Amino acid sequence: MNFSIYEQSQKSGIIALYLATFSASESKQEGEQVARLVTDFLAEPYPSTDLYVFVATDEQRIVGAIVLSRLKFAHAKEVFLLSPVAVATDCQGQGIGQKLIQFGFNKLAEQNVSLVMTYGDINFYGKVGFSVVSEEVIQAPHNLSYPKGWLAKPVLDDEILPITGKPSCLKPLDNPQLW
């Protein structure tokens with residue numbers, strides 16, 4: 001398994017991966033919504049310091065992908081949001097997602113990113129060190145429909161310290177319906 005930074009030539013493969021994975025696990029509508037989200041991330045010319053996309057490939061295809069985008073707080077260290085994450089349905093349960101996320105964290109640590117947030121299933125994200133955090137400690141960009149899914153993981157620090165204020169996120173995630 002190879003882990004790397006996304007290359008433009010992989011764009012259609014990454015979008016297809018998200019569409020197939022989320023359609024199979026959730027619904028066709030969810031797959032299309034997540035594929036649009038990823039398409040929007042990959043279409044915008046974001047500064048390289050605001051958006052990171054990492055992929056896992058085997059000898060033949062892309063089998064995993066993660067998107068990490070900047071969360072901007074008025075007074076905070078470097079914070080990123082991990083969303084979305086996809087691993088090909090036939091490759092799930094092999095630790096590929098966990099290894100890909102760790103690869104991404106290692107790259108973020110090189111950029112002095114101190115904290116990564118995500119919004120998802122603690123049963124999966126807990127395997128890579130995320131823990132539930134309340135919005136009294138760190139607010140989300142929009143109201144959460146599932147507050148127990150707001151998760152944090154320190155990258156450089158050993159603990160999760162409170163951050164004051166509501167963050168802004170990159171445009172593709174700046175939609176209250178996604179939260």
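Look above for the structure.
Presented here is an overview of the structure given in this document. Only a predicted model underlies this, so the values are computations on that prediction, with no experimental measurement involved.

Rules and cut-offs
Residues numbered from 1 in each chain as written. Predicted model: local features only at pLDDT ≥ 70, side-chain atom pairs only at ≥ 80, totals over all residues. Heavy atoms only, no water. Helix = DSSP H or I, 4+ residues; strand = E, 2+ residues; numbered from the N terminus. Rg over C-alpha atoms; globule rule 2.2 N^0.38 Å. Buried < 20%, exposed > 50% of the residue type's maximum accessible area, 1.4 Å probe, protein only. Contact = heavy atoms within 4.5 Å. Areas by Shrake-Rupley, 256 points an atom, 1.4 Å probe, with all protein chains shown as cover. Lys, Arg positive; Asp, Glu negative; His and termini not counted. Charge placed at Lys NZ, Arg CZ, Asp CG, Glu CD. Axes fitted to C-alpha atoms, helices over the stretch in contact; angles between N-to-C directions. Parallel < 35°, antiparallel > 145°, perpendicular 65-115°, else oblique. Left-handed = near helix turned anticlockwise from the far one by under 90°. Nonpolar A, V, L, I, M, F, W, Y, C, P; charged D, E, K, R; others polar. Expected span 1.5 Å × (residues − 1). Salt bridge = Lys/Arg side-chain N within 4 Å of Asp/Glu carboxyl O. Pairing = 2+ DSSP bridges.

### Some words on the overall build of the chain
Argument step 1. If you tally the helices and strands in the chain, you get four helices and eight strands.
Argument step 2. The secondary structure elements of the chain, listed N-terminal to C-terminal, are β-α-α-β-β-β-α-β-α-β-β-β.
Argument step 3. For 179 residues, the compact-globule formula gives about 16 Å, and the C-alpha radius of gyration of the chain, at 15 Å, lands near that figure.
Argument step 4. Referenced to the eigenvectors of the C-alpha coordinate spread, the extents of the chain come out at roughly 45 × 35 × 35 Å.
Argument step 5. Of all 179 residues assigned to the chain, the portion counted as buried reaches 47%.
Argument step 6. Considering only contacts in the chain between residues 6 or more positions apart, those separated by 24 or more positions represent 68%.
Argument step 7. Working note: accessible area of the chain is about 9300 Å², and carbon and sulfur atoms make up 48% of it.
Argument step 8. Distance between charge centroids for the chain: 1 Å, based on 14 positive and 19 negative side chains.

### Points about the packing of helix 1 (residues 11-25) against helix 2 (residues 28-43)
Argument step 1. The interhelical angle for the contact between helix 1 and helix 2, taken along N-to-C directions, is 155°, at an axis separation of 7 Å. In terms of their interaxial angle, helix 1 and helix 2 are classed as roughly antiparallel. The interaxial crossing formed by helix 1 with helix 2 has right-handed handedness. Residues K11, I14, I15, Y18, L19, F22 and S23 of helix 1 lie in contact with helix 2, whose contacting residues are K28, E30, G31, E32, V34, A35, V38, T39, L42 and A43.
Argument step 2. In terms of residue class, the contact of helix 1 with helix 2 is made up of 10 nonpolar, three polar and four charged.

### Things to note about the side chain of S114
Argument step 1. Position of S114 relative to the elements: it lies in the loop between helix 3 (96-110) and strand 5 (115-119).
Argument step 2. When neighbours within four sequence positions are excluded, S114 is seen to be in contact with K77, E78, P154, V155, L156 and D157.

### A word on helix 3
Argument step 1. The terminal C-alpha atoms of helix 3 lie 21 Å apart, and with 15 residues this matches the ideal 21 Å at 1.5 Å per residue to within 8%.
Argument step 2. Looking at helix 3, one finds that the buried residues are I96, G97, L100, I101, F103, G104, F105 and L108.

### Quick word on the environment of V113
Argument step 1. Considering the arrangement of structural elements, one finds V113 in the loop between helix 3 and strand 5.
Argument step 2. V113 gets classed as buried once you look at its relative accessible area, which sits at 1%.
Argument step 3. Between the C-alpha atom of V113 and that of I5, which follows or precedes it by 108 residues, the distance is 17 Å.

### Digging into the pattern of salt bridges
Argument step 1. Inspection of the entire model under this criterion finds six salt bridges.
Argument step 2. D50 serves as the salt-bridge partner of K72, at 4.0 Å between the closest nitrogen and oxygen. A residue pair is termed long-range when its members are at least 10 positions apart, and K72 in strand 3 (residues 62-72) and D50 in the loop between helix 2 and strand 2 (51-57) qualify at 22 residues.
Argument step 3. For D50, a relative accessible area of 9% corresponds to the buried category.
Argument step 4. Three or more residues joined by partner-sharing salt bridges are found here, namely D50, R70, K72 and E78.

### Points about the pairing of strand 7 (residues 150-154)
Argument step 1. The element strand 7 is largely enclosed, with a buried count of five among its five residues.
Argument step 2. Residues W150, A152 and P154 point to one face of strand 7 and L151 and K153 to the other, with burial holding for every one of them.
Argument step 3. Bridge count for strand 5 against strand 7 is five bridges, and the pairing is antiparallel. Its bridge partner lying in strand 7, Y119 is registered against W150.

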